[in-house]
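Listed below are the residues making up each chain.
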Amino acid sequence: MKIAVMSCIHGNYEALNAVLSDIDEQQADKIFCLGDLVGYGPNPHAVVEMIRSLEIPTCAGCWDEDIVEGLNSCECSYPSVLAEKRGKLAHEWTNSQIFPETREYLATLPHSLREDNMCFVHGSPHSNHEYLLPTMDAFSALERVFSAGADVLFCGHTHVPYVRTLDAENMQVRVSGPSIEREKILSFTAPLKRIVNVGSVGEPRHGRPNATYVIYDIDAQQVTLREVEYDYQATCAAIIEKGLPPIFAWRLARGLEYAERADDPTHVCQR
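Scope of this entry: the structure provided in the associated data block.

Rules used in this analysis
Residues numbered from 1 in each chain as written. Predicted model: local features only at pLDDT ≥ 70, side-chain atom pairs only at ≥ 80, totals over all residues. Heavy atoms only, no water. Core = buried A, V, L, I, M, F, W, Y, C linked by side-chain atoms within 4.5 Å. Buried < 20%, exposed > 50% of the residue type's maximum accessible area, 1.4 Å probe, protein only. Helix = DSSP H or I, 4+ residues; strand = E, 2+ residues; numbered from the N terminus. Contact = heavy atoms within 4.5 Å. Axes fitted to C-alpha atoms, helices over the stretch in contact; angles between N-to-C directions. Parallel < 35°, antiparallel > 145°, perpendicular 65-115°, else oblique. Nonpolar A, V, L, I, M, F, W, Y, C, P; charged D, E, K, R; others polar. Pairing = 2+ DSSP bridges. Salt bridge = Lys/Arg side-chain N within 4 Å of Asp/Glu carboxyl O. Polar contact = N/O pair within 3.5 Å; in protein donor to acceptor, adjacent residues only side chain to side chain.

The subject of this paragraph is the nonpolar core. One broad rule of soluble globular proteins: the nonpolar side chains tend to lie buried together. Counting 42 residues, the largest nonpolar core has Met 6, Ile 9 and Leu 37 as its most contacted members. At six residues, helix α1 (residues 13-26) tops the list of elements feeding residues into this core. With near-sequence residues (within four places) excluded, Ile 9 lies in contact with Leu 16, Cys 33, Gly 35, Asp 36, Leu 37, Val 47, Ile 51, Val 201 and Gly 202. If you look at the next biggest cluster of nonpolar residues, it comprises 15 residues, including Ile 3, Phe 32, Met 118 and Phe 154.

Listed below in structure tokens is the structure:
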């Protein structure tokens, strides 16, 4: 059995169509979506309608959550004041475009999805706003997978795909302190764990404009990162035409995050 997992479509209907066609060619048995259907892109309603019509199991992304509950930005969510201003403009525009039935659908999306030994989240099991970066220390990364009660944790949010295998065999935790007479050593073993970041369909940040998603062969436990070309220039033109910040088109065409880089690459929301 093969499943397709995608995330972060961000109102990019051209990219979504291309990815769905590629998924069909790969003969996936089931599709999962990790949220952020809206935000930044020019066609939020069309994207949501496509996901709904295909009845694709989808969990809520941070953008979906903010459109339902209202803007909840914080300093740690953006790399600069300028980027935060652009994000607010994108939120206001998207919020003005969303139909009532689209907002109602976004409100029904769960924080996570489960299938056998797999868990699907947008950011992390703890928060839609947390970035599971490949550089996260191994113990914290393992904790995220364990907290999901899964062997394979699929996530998005960073817009950069990667596969990380975590070997918990013979892991030890040492506990010592002034009130502890003897150092405690806790050890445990566990099967291999994986974090699979599926990247982004609609706003890739891996240095190319191509959409990314993942095919996972459950029987072979094999992860295949797929990169799909599409007419990104059509999306860029629509961004400009609809009055969204031109920088969104600039970074989409280059597959970059921002024109400016963040001092803190984790961008972890602490709320």
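Having seen it, we continue.
Here the focus is the environment of Leu 54. Its location among the elements puts Leu 54 in the loop between α2 (44-53) and α3 (62-69). Sequence separation of Leu 54 and Ile 31 is 23 residues, and the distance between their C-alpha atoms is 9.5 Å.

A few words on the packing of α1 against α2. Between α1 and α2, whose axes approach to 9 Å, the crossing angle comes to 25 degrees. Looking at the two axes, α1 sits roughly parallel to α2. Along the contact surface, α1 presents Tyr 13, Leu 16, Asn 17 and Leu 20, while α2 presents Ala 46, Val 47, Met 50 and Ile 51. Taken together, the residues of the contact of α1 with α2 sort by class into seven nonpolar, one polar and no charged.

Strand order in the open sheet formed by four strands is β2-β1-β10-β11, and the pairing between neighbours is mixed. Both outer strands of the open sheet, β2 (30-33) and β11 (222-228), are each paired with one neighbouring strand and no more. Sheet twist, expressed as the mean angle between neighbouring strand axes with direction ignored, is 25 degrees. As defined by bridge partners, strand β1 (residues 2-6) adjoins strand β10 (residues 211-217) across four bridges and the pair is classed as antiparallel. Across the sheet, residue Lys 2 finds its bridge partner in β10, namely Asp 217. Packed onto the sheet, α1 meets β1, β2, β10 and β11 and runs at close to 25 degrees relative to β10.

With the rule as written, the count across this model stands at nine salt bridges. Measuring nitrogen to oxygen at the nearest pair gives 3.3 Å for the salt bridge that ties Glu 115 to Lys 30. Of this pair, Glu 115 sits in strand β3 (residues 112-115) while Lys 30 sits in strand β2, placing them 85 residues apart in sequence. Classification of Lys 30 by relative accessible area gives partly exposed; the value is 28%. Taking the shortest distance from any N to any O, the salt bridge between Arg 52 and Glu 49 comes out at 3.6 Å. Linking Arg 52 with Glu 49, this pair stays in helix α2, spanning three residues, or about one helical turn. For Arg 52, a relative accessible area of 35% corresponds to the partly exposed category. The structure contains a network of salt bridges with shared partners spanning Glu 130, Glu 143 and Arg 144.

Residue placement: Thr 158 occurs in the loop between β5 (152-155) and β6 (162-166). A relative accessible area of 9% places Thr 158 in the buried class. Separated by 40 residues in the primary sequence, Thr 158 and Val 198 place their C-alpha atoms 9.1 Å from one another. Leave out the neighbours within four places in its chain, and Thr 158 touches Tyr 131, Leu 132, Leu 133, Asn 197 and Arg 205. A polar contact is formed between the side chain of Thr 158 and the backbone nitrogen of Val 160, at a distance of 3.2 Å. Polar contacts involving the side chain of Thr 158 include one to the side chain of Asn 197, which spans 3.0 Å.

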